[in-house]
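Chain and residue survey
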Amino acid sequence: MAQDGSSPTQEVNAGRVAVDLTRNSRNAGQDRDAGTNQPGTSGGLARYVLAATLARSADGGAVVAIVLLATTSGASGWLAGILGACITAPHLFGPLIARRLDTATDGRTVIAWACIVHGATLAAAVLLFPVTPPLVPGLLLIASGLVGPLLTGGISSRLAAIAGPERSSQRRAQGWDVATYGISGTIGPSLVAAVSAWANPATATLILAALTFAAAALVRLLPYAPPASVAAEVPRPGRTLLMMISSGPLRRTLYMTVAVALAVAALPITAVVSTGELGVTPAAAGILTAAYGLGGLLGSAGVMIRPLKTDADPLMTWLAATVGIALCGAALAVTFPTAVAAFAGAGVLNSYFFAATLAARSEYSPPAARGQVFVWIGALKITAGSAGTALAGALIVPVTRLPLYLSAGLIILAVVMSIVDRRRGRVRS
């Protein structure tokens, strides 16, 4: 018996209770850090959707804001173009810093800091533009553009840990992710246009910067997901790219994403120059682009309501083919209503294709490099979209519909390549 009258067995049990209480206290602290909602709950997904929309709205509207700021300040057109390129071109180098996503103890911190850096450098560039040489804001915009891919593909890499393990919940969450891209692509430039008309482009840009700060706070509230592997096992960016090229599903995801992004970039240019042939005023081009955007939102809603069930690799091939057919329909449209329908159909099908590529990135990426894979493909997609816009503008003068025909041909070529590629992989295996 102990001096206080308790038995040795009671003392052992009391010690076990104390250990359990300590362990439970630690677990409670981890649960608080992970957020009140566990992965797969609607609360975590809702915070994800809001954070992604805010961050991507700022990223998408920044180019418009910077170009407006430069032109309204009396700067030349070439300077406005260079400043705009300073924030878009560095996206291609985003994968060089994306490895930190896979090596960090808490990837939320990396993305949150990326949001803060993006907003701080964007705000500083705007405030310093009137009082410093253009080189200073240009360098700040380059820094802002470097972390831009972490606001797009980087945030998407967190979705798998939030949506839950079931394929249906993953695919439904990817539909929400596609919707954030469509919504932010509309909100960002629209916000810049509205605030610039009400106040000035500088104020609009500062509001965009504030959106990234809010996104950073929301990212920190996402459910915690432990790193998939130790830092020493995470490959370098170049090795990750080689791994993607050597992996059949990821290789097809890469070149089909690039091909479709380059192809659909011709739609806005074609919408502007084809209004005369369709017998409508130039302002009606906005209706065509709006139809494409609305179609994209409808497509993402369709993925949410009825998640895609087919394996992502073959699904990408057939969905890409439907996007190519929709582009042919837009090129062949001879009346304005049929053109609106074709543009809307292209938007719907492109959203389904985008959701399939997100599923492929998530399901075929090795856990140790998932963040890098998302950023690599996202960065190359943005670069391809910019190149597609430039090529469409250069080719549209001889024949108005030529860019759409060439774009459809490019997609069909990628589809044929993917079919042959997949069959060769089956033969080797």
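Residues numbered from 1 in each chain as written. Predicted model: local features only at pLDDT ≥ 70, side-chain atom pairs only at ≥ 80, totals over all residues. Heavy atoms only, no water.

1. Some details on the overall build of the protein
- Helix and strand counts for the protein stand at 19 helices and zero strands.
- With 429 residues in all, the protein has 49% of them scored as buried.
- If you take every contact in the protein between residues at least 6 apart in sequence, the share linking residues at least 24 apart comes to 84%.
- Taken as a whole, the protein presents about 18,900 Å² of accessible surface, with 70% of it coming from carbon and sulfur. (Helix = DSSP H or I, 4+ residues; strand = E, 2+ residues; numbered from the N terminus. Buried < 20%, exposed > 50% of the residue type's maximum accessible area, 1.4 Å probe, protein only. Contact = heavy atoms within 4.5 Å. Areas by Shrake-Rupley, 256 points an atom, 1.4 Å probe, with all protein chains shown as cover.)

2. With respect to the packing of aromatic side chains
- Summed over the entire model, instances satisfying the criterion amount to one aromatic pair.
- The interplanar angle of 70° and the centroid separation of 5.0 Å between the aromatic rings of Tyr181 and Phe354 together place this pair among those described as edge-to-face. Here the residue Tyr181 occupies a position in helix α9 (residues 167–198), and Phe354 occupies one in helix α17 (residues 336–364), the gap between them amounting to 173 residues.
- Across from the ring centre of Tyr181, 4.0 Å away, lies the NZ or CZ of Arg56, which sits over that ring.
- For the cation-ring pair, Lys381 lies above Phe354, with the distance from its terminal atom to the ring centre recorded as 3.5 Å. (Phe/Tyr/Trp six-rings, centres within 6.5 Å; stacked < 30°, edge-to-face > 60°. Lys NZ or Arg CZ within 6 Å of the ring centre and 35° of its normal.)

3. Some points on the side chain of His118
- Turning to its location among the elements, His118 is positioned in helix α5 (residues 107–128).
- Apart from the residues within four sequence positions on either side, His118 is in contact with Ala58, Asp59, Ser144, Val147, Gly148, Leu151 and Thr212.

4. Topic: the packing of α9 against helix α15 (residues 285–305)
- Their axes nearest at 7 Å, the elements α9 and α15 cross at an angle of 165°. As summarised for this structure, α9 and α15 are arranged roughly antiparallel, according to the angle between their axes. You can see that α9 and α15 cross each other, and the crossing is left-handed. Within the contact between the two elements, α9 uses Arg171, Arg172, Gly175, Trp176, Val178, Ala179, Gly182 and Ile183 and α15 uses Leu297, Ser300, Val303, Met304 and Ile305.
- Here the contact of α9 with α15 is built from residues that sort into eight nonpolar, three polar and two charged. (Axes fitted to C-alpha atoms, helices over the stretch in contact; angles between N-to-C directions. Parallel < 35°, antiparallel > 145°, perpendicular 65-115°, else oblique. Left-handed = near helix turned anticlockwise from the far one by under 90°. Nonpolar A, V, L, I, M, F, W, Y, C, P; charged D, E, K, R; others polar.)

5. Things to note about the nonpolar core
- Ranked by size, the top nonpolar core spans 50 residues in total, and within it Tyr48 and Leu141 carry the most contacts.
- Contributing elements (two or more residues each) for this core: α2 (42–72), α3 (77–88), α4 (95–103), α5, α7 (148–156), α8 (159–163), α9 and α10 (201–220).
- No other element matches the 13 residues that α2 contributes to this core.
- Among all residues touching Leu141, those that are not within four sequence positions of it are Ile66, Leu83, Cys86, Ile87, Leu122 and Ala125.
- With 46 residues, the next largest nonpolar core counts Ala285, Leu319, Ala339 and Phe353 among its residues. (Core = buried A, V, L, I, M, F, W, Y, C linked by side-chain atoms within 4.5 Å.)

6. A word on the packing of helix α16 (residues 312–332) against α17
- The geometry of α16 relative to α17 is characterised by a closest axis approach of 9 Å and an angle of 160° between their N-to-C directions. The pairing of α16 with α17 is recorded here as roughly antiparallel in orientation. Our pair here, α16 against α17, has a crossing hand that is left-handed.

7. Some details on the pattern of salt bridges
- Enumeration according to the criterion identifies 10 salt bridges in this entry.
- The residue Arg108 makes a salt bridge to Asp106 at a minimum N-O spacing of 2.7 Å. When sorted by exposure, Arg108 lands in the same class as Asp106, which is buried.
- With a shortest N-O distance of 3.1 Å, Arg220 and Asp106 are connected by a salt bridge. Taken together, the residues Arg220 in helix α10 and Asp106 in the loop between α4 and α5 connect sequence positions 114 residues apart. (Salt bridge = Lys/Arg side-chain N within 4 Å of Asp/Glu carboxyl O.)

8. Description of a nonpolar patch on the surface
- The grouping of Ile183, Ile187, Leu294, Leu297 and Leu298 at the surface amounts to a nonpolar patch, some 410 Å² of accessible area in total.
- For the nonpolar patch, the elements supplying multiple residues, two or more each, are α9 and α15.
- With three residues, the single largest contributor to the nonpolar patch is α15.
- Relative to the elements of secondary structure, Leu297 occurs in helix α15.
- The class for Leu297 is partly exposed, based on a relative accessible area of 31%. (Patch = residues over 30% accessible without salt bridge, like charges linked within 9 Å, V, L, I, M, F, W, Y side chains within 5 Å.)

9. Considering α7
- With nine of nine residues buried, α7 lies mostly within the body of the structure.
- Of the positions making up α7, those classed as buried are Gly148, Pro149, Leu150, Leu151, Thr152, Gly153, Gly154, Ile155 and Ser156.

10. Observations regarding the environment of Gly182
- Along the chain, Gly182 turns up in helix α9.
- The class for Gly182 is partly exposed, based on a relative accessible area of 30%.
- In this structure, the C-alpha to C-alpha distance between Gly182 and Gly293, residues 111 residues apart in sequence, is 6.7 Å.

11. Looking at the confidence of the model for the protein
- Taken residue by residue, the protein gives an average pLDDT of 85. The fraction at 70 or more is 90%.
- Here residues 1–40 scores under 50 on pLDDT; set against residues more than four positions off or in separate chains, the count is 25 contacts. (pLDDT = per-residue confidence, 0-100.)

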